[in-house]
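Take a look at the letters that make up each chain.
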Amino acid sequence: FCGAGGLTHGLVLEGIPVVAGIDLDPMCRFPYEQNNHARFIANDVSEISNEFIRELLGEAEITILAGCAPCQSFSTYSNRYDINRNERWSLLNEFSRIVEGNMPKIVTMENVPAVRNHHVFTDFVGTLKNLGYHVWYDVIDSTHYGLPQTRKRMVLLASLFGPITFIAKTHNRAVSVAEVIGDLDPIAAGEKSSLDRMHVSASLSPLNKRRIKASKPGGTWRDWPKSLVAACHTEKTGKTYTGVYGRMEWNKPAPTMTTQCYGFGNGRFGHPEQDRAISLREAAIFQGFPKDYQFVDETSPVSMTAMGRLIGNAVPVPLGQAIAKSIMQHLEDIAPVQKEM
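What counts, and where the lines are drawn
Residues numbered from 1 in each chain as written. Predicted model: local features only at pLDDT ≥ 70, side-chain atom pairs only at ≥ 80, totals over all residues. Heavy atoms only, no water. Helix = DSSP H or I, 4+ residues; strand = E, 2+ residues; numbered from the N terminus. Polar contact = N/O pair within 3.5 Å; in protein donor to acceptor, adjacent residues only side chain to side chain. Contact = heavy atoms within 4.5 Å. Buried < 20%, exposed > 50% of the residue type's maximum accessible area, 1.4 Å probe, protein only. Pairing = 2+ DSSP bridges. Axes fitted to C-alpha atoms, helices over the stretch in contact; angles between N-to-C directions. Phe/Tyr/Trp six-rings, centres within 6.5 Å; stacked < 30°, edge-to-face > 60°. Lys NZ or Arg CZ within 6 Å of the ring centre and 35° of its normal. Salt bridge = Lys/Arg side-chain N within 4 Å of Asp/Glu carboxyl O. Parallel < 35°, antiparallel > 145°, perpendicular 65-115°, else oblique. Left-handed = near helix turned anticlockwise from the far one by under 90°. Nonpolar A, V, L, I, M, F, W, Y, C, P; charged D, E, K, R; others polar.

**Q** What is the right way to look at the side chain of glutamine 287 in this model?
**A** By the element assignment, glutamine 287 lies in the loop between α9 (280-286) and α10 (304-313). Polar side-chain contacts of glutamine 287 include one of 3.0 Å to the side chain of glutamine 149. The contact partners of glutamine 287, leaving out residues within four places of it in the chain, are Leu147, Gln149, Arg151, Met257, Ile311, Gly312, Ala314, Pro316, Val317 and Pro318.

**Q** Before we go on, may I ask you to explain the pairing of strand β3 (residues 64-67) in this structure?
**A** One face of the sheet, then the other: side chains in a regular strand alternate in exactly this way. Residue alternation in β3 divides its side chains into a buried set, Leu65 and Gly67, and an unburied set, Ile64 and Ala66. Pairing analysis gives four bridges linking β3 to strand β4 (residues 106-111), with the strands arranged parallel. Residue pairing in the sheet places alanine 66 in a bridge with threonine 108 of β4.

**Q** Sorry if this is basic, but what is going on with the sheet that holds β4 here?
**A** The strands making up a sheet are joined through hydrogen bonds of the backbone, oriented either antiparallel or parallel. With mixed pairing, the four strands of this open sheet are ordered in space as β3-β4-β6-β5. Looking at strand neighbours, the two that pair on one side only are β3 and β5 (134-141), the edges of this open sheet. The sheet shows a mean angle of 15° between the axes of neighbouring strands, taken without regard to direction. Judged from the eight bridges that link them, β5 and strand β6 (residues 152-159) form a sheet pairing that is antiparallel.

**Q** I tried to follow the side chain of arginine 211 on my own but got confused; where do I start?
**A** Along the chain, arginine 211 turns up in helix α7 (residues 206-213). Arginine 211 sits in the buried class, given a relative accessible area of 7%. Those residues in contact with arginine 211 that sit more than four places away from it in its chain are Trp224, Leu228, Val229, Ala230, Tyr245 and Phe264.

**Q** Any chance you could explain the packing of aromatic side chains here in plain terms?
**A** The geometry of two aromatic rings is summed up by the distance between their centres and the angle between their planes. Using the criterion set out here, one finds eleven aromatic pairs in the structure. Between tyrosine 145 and phenylalanine 166 the ring centres are 5.3 Å apart and the planes differ by 90°, which places this aromatic pair in the edge-to-face class. Here tyrosine 145 is found in the loop between β5 and β6, whereas its partner phenylalanine 166 is found in the loop between β6 and α6 (177-181), with 21 residues between them in sequence. A network of ring pairs unites the aromatic residues Phe1, Phe95 and Phe124 as a single cluster. In this structure, arginine 211 is placed above the aromatic ring of tyrosine 245, and the distance from its NZ or CZ to the ring centre is 5.0 Å. Against the face of tryptophan 221 rests arginine 222, its NZ or CZ located 5.2 Å from the ring centre.

**Q** Whenever I open this one, the pattern of salt bridges confuses me. Can you help?
**A** Where side chains of opposite charge bring their charged atoms close, a pairing between them can arise. Taken as a whole, this structure holds 13 salt bridges when the rule is applied. Note that glutamate 51 and arginine 54 form a salt bridge whose closest N and O atoms lie 3.3 Å from each other. Note that glutamate 51 and arginine 54 are positioned in helix α3 (residues 50-57) at a spacing of three residues, about one turn of the helix. Across the salt bridge formed by arginine 153 and glutamate 110, the nearest N and O atoms sit 2.6 Å from each other. Taken together, the residues arginine 153 in strand β6 and glutamate 110 in strand β4 connect sequence positions 43 residues apart. When sorted by exposure, arginine 153 lands in the same class as glutamate 110, which is buried. Counted as one network, the salt bridges with shared partners bring together Lys213, Arg247 and Asp275.

**Q** I'm lost on the packing of α3 against helix α4 (residues 91-102) in this one. Help?
**A** A packed helix pair is summarised by two numbers, namely the angle formed by the two axes and the spacing between the axes. Put simply, α3 and α4 touch, their axes get as near as 9 Å, and they point 60° apart. Considered as vectors, α3 and α4 are oriented oblique to each other. Here α3 runs over α4; the crossing is right-handed. Contacts between α3 and α4 pair Asn50, Ile53, Arg54 and Leu57 from the former with Arg97, Ile98, Gly101 and Asn102 from the latter. For the contact of α3 with α4, the class distribution of residues is three nonpolar, three polar and two charged.

What follows is the structure, encoded as structure tokens:
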């Protein structure tokens, strides 16, 4: 649920104190606690009791519960899943259980846009309304809030105080790739920076080295000589996958980061200029994490797979900040009403 701390970091940066985060992935512990000074609880949300949540919330007058159920089950690629057999679908129901058992004053959640099409989400919204929450939700374009990445997410806000909504966009133009990674030291494929262990890129096969050298920023594999084109791309079903094996463009935002964003062949994850895929640090920066955000302690190895999972699954920090600002604005708006009550 809390992951490596993207949403938490956004809340903290805007002055909302976070007591704890819960996630089943133990790899999240170090980055979550190291960067946010909040408690990490390694557990399955379905095993967390309402009594335990009440202990965490303590006697706070205004309580906030944030949930980010794993999005793979709700993505457009997952329509084949059987809701009765896929345990991840039930996590939103577990979130609903915790809301009902604790009645926090504010509830927020983030997920892929397609979640709105599933009845588990409709049921969740219905439960909130039946409990007396004022509910708002919509798809948010994260580039409107400073994220240097094209990423649209469904955000829900709910309040027991009264109507709540999302703040107006804070950026009139998208932040570009050049603005956020243009000053990083150059590295080659398979190498890491001497200044930052997270600034490391995956190695490339001889064939993929030739492919990336033949790739243009913003171009596709159609720009390559025929000898470099993969067999699957010559088939009818592969002709539309123009985003794979692509380079980013300096003057545009990065594409949506995934858990495999460190792989040149997994999307448009080629560096705009250097002959390599983006590094883990660059991927984290595209997710809005500060350049000094620590993902792994100095004694542990940097795993491309594990770090890619943490980064790709994270809630972008600027989106977390926008959620925090929306909550703070709401509390300011209802303050006069609270004084009169």
